[in-house]
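# Results of the structural survey
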Amino acid sequence: MASLEVGKVQIYTGDGKGKTTAALGLALRATGYGLNVLMLQFAKKLHCAEHDAAPRLGLRIVQADRDTPEACAAQIIELAREQISKVDVLILDELEAMRRGFVTRVDVEALIATKPATTELVLTGRGLLPLADLADLVTEMRPVKHYFDEGLLARQGIEY
C-alpha cells in the first residue's frame, strides 16, 4: 500500500465554482496511486453522480445522515477524528458548517493537531479564509463569469 512521505493541510475556499471538484480531482489522483482516501461531506444530503462513480474508483465518500445541520456537523467531525489516523488523504467537504457555528476553529485546530505527519487533510467550503494560517496551501475560487447569472441552472453531470 502506498503512503505519503509528508502530509499537508490544504484549503479550497471562495464563492466560485470548483471547490469540491478540485478535492475530487485530488482524490482521484491519490486513489490512482494507491493511497487510502476518504471524503466526508458535511452538508450534502443530495445524491450526486460522484457517489455512484466513487466506489468503482476505490474512493469512499460518506455523507452526514443526521436530522439537523448541527447533528450532521457533529457526526462528520466525530468521523474525521476517528478516521484521520487511518487514511492517507482525508477530505472534509462543505465545511461551511463553520459559518453557521456548528463547527468551530477549535474543532479544526484539534483535528490538525492529531493529524499524522503523513496524512493530507483537505478542507473545502465557502468562508474558510480565517483558517488560512492553519494551512499549507490555500486556493480561493472567485467567480469572474458564470452562466448561472444568465439564468442557466445547475446541470446534471457538470455541477452535480
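Just above sits the structure.
The following paragraphs examine the structure supplied in this document.

Rules behind the numbers
Residues numbered from 1 in each chain as written. Predicted model: local features only at pLDDT ≥ 70, side-chain atom pairs only at ≥ 80, totals over all residues. Heavy atoms only, no water. Pairing = 2+ DSSP bridges. Helix = DSSP H or I, 4+ residues; strand = E, 2+ residues; numbered from the N terminus. Axes fitted to C-alpha atoms, helices over the stretch in contact; angles between N-to-C directions. Buried < 20%, exposed > 50% of the residue type's maximum accessible area, 1.4 Å probe, protein only. Contact = heavy atoms within 4.5 Å. Salt bridge = Lys/Arg side-chain N within 4 Å of Asp/Glu carboxyl O. Core = buried A, V, L, I, M, F, W, Y, C linked by side-chain atoms within 4.5 Å. Arc of directions from axis to C-beta. Lys, Arg positive; Asp, Glu negative; His and termini not counted. Polar contact = N/O pair within 3.5 Å; in protein donor to acceptor, adjacent residues only side chain to side chain.

## Notes on the sheet that holds strand β1 (residues 9-14)
Ordered by their spatial adjacency, six strands build an open sheet running β3-β2-β4-β5-β1-β6, and the pairing between neighbours is parallel. With partners counted over all chains shown, the strands left at the sheet margins are β3 (60-63) and β6 (137-141), one partner each. For this sheet, the mean angle separating the axes of adjacent strands, direction not counted, is 15 degrees. In terms of strand pairing, strand β2 (residues 37-41) meets strand β4 (residues 89-93) through five bridges, oriented parallel.

## Points about the environment of L137
With respect to the secondary-structure elements, L137 resides in strand β6. The exposure class assigned to L137 is partly exposed, which follows from its relative accessible area of 36%. Sequence-wise, L137 and L123 are 14 residues apart; in three dimensions their C-alpha atoms are separated by 10 Å. Residues within four places of L137 in sequence aside, it is in contact with V9, Q10, I11 and Y12.

## Quick notes on the pattern of salt bridges
According to the stated counting rule, one finds seven salt bridges in the structure shown. Between D15 and R126 there is a salt bridge, with its nearest N and O atoms 3.2 Å apart. A residue pair is termed long-range when its members are at least 10 positions apart, and D15 in the loop between β1 and α1 (19-32) and R126 in the loop between β5 (120-124) and β6 qualify at 111 residues. Residue R126 is classed as partly exposed on the basis of its relative accessible area, which comes to 29%. A salt bridge links R81 to E78; the shortest N-O distance between them is 3.4 Å.

## Let's talk about the nonpolar core
Counting residues in hydrophobic clusters, the biggest one holds 27 residues, and the most contacted among them are F42, L90, L92, L95, V103, L121 and L123. Listing elements by their share of this core, those giving two or more residues are β1, β2, α3 (69-83), β4, α4 (105-114) and β5. Looking at this core element by element, the count peaks at five residues for α3. Beyond its immediate sequence surroundings of up to four residues, L90 is in contact with L38, L40, A80, I84, E120, L121 and V122. In this structure, L24, A27, L35 and I91 belong to the second largest nonpolar core, which totals 16 residues.

## Overview of helix α2 (residues 49-57)
E50, H51 and A54 are the residues of α2 that are buried. Projected down its long axis, α2 shows its buried positions confined to an angular sector of 100 degrees, all on one face. In this structure, the buried side of α2 is in contact with α1, β2 and β3. Positive phi shows up at G58, right after α2, with a value of about 80 degrees.

## Section: the side chain of K115
Mapped onto the elements of the fold, K115 is located in the loop between α4 and β5. Put simply, K115 is tucked away with no salt bridge, and the nearest opposite charge, on D136, sits 6.1 Å away. Engagement of the side chain of K115 in a polar contact is seen with the backbone oxygen of T119, the distance being 2.8 Å.

## Structural notes on the environment of V87
Position of V87 among the secondary structure elements: in the loop between α3 and β4. Its relative accessible area of 4% is what places V87 among the buried residues. Sequence spacing of V87 and P116 is 29 residues, and the spatial spacing of their C-alpha atoms is 9.5 Å. Setting aside its immediate chain neighbours within four residues, V87 contacts N36, L38, R60 and T119.

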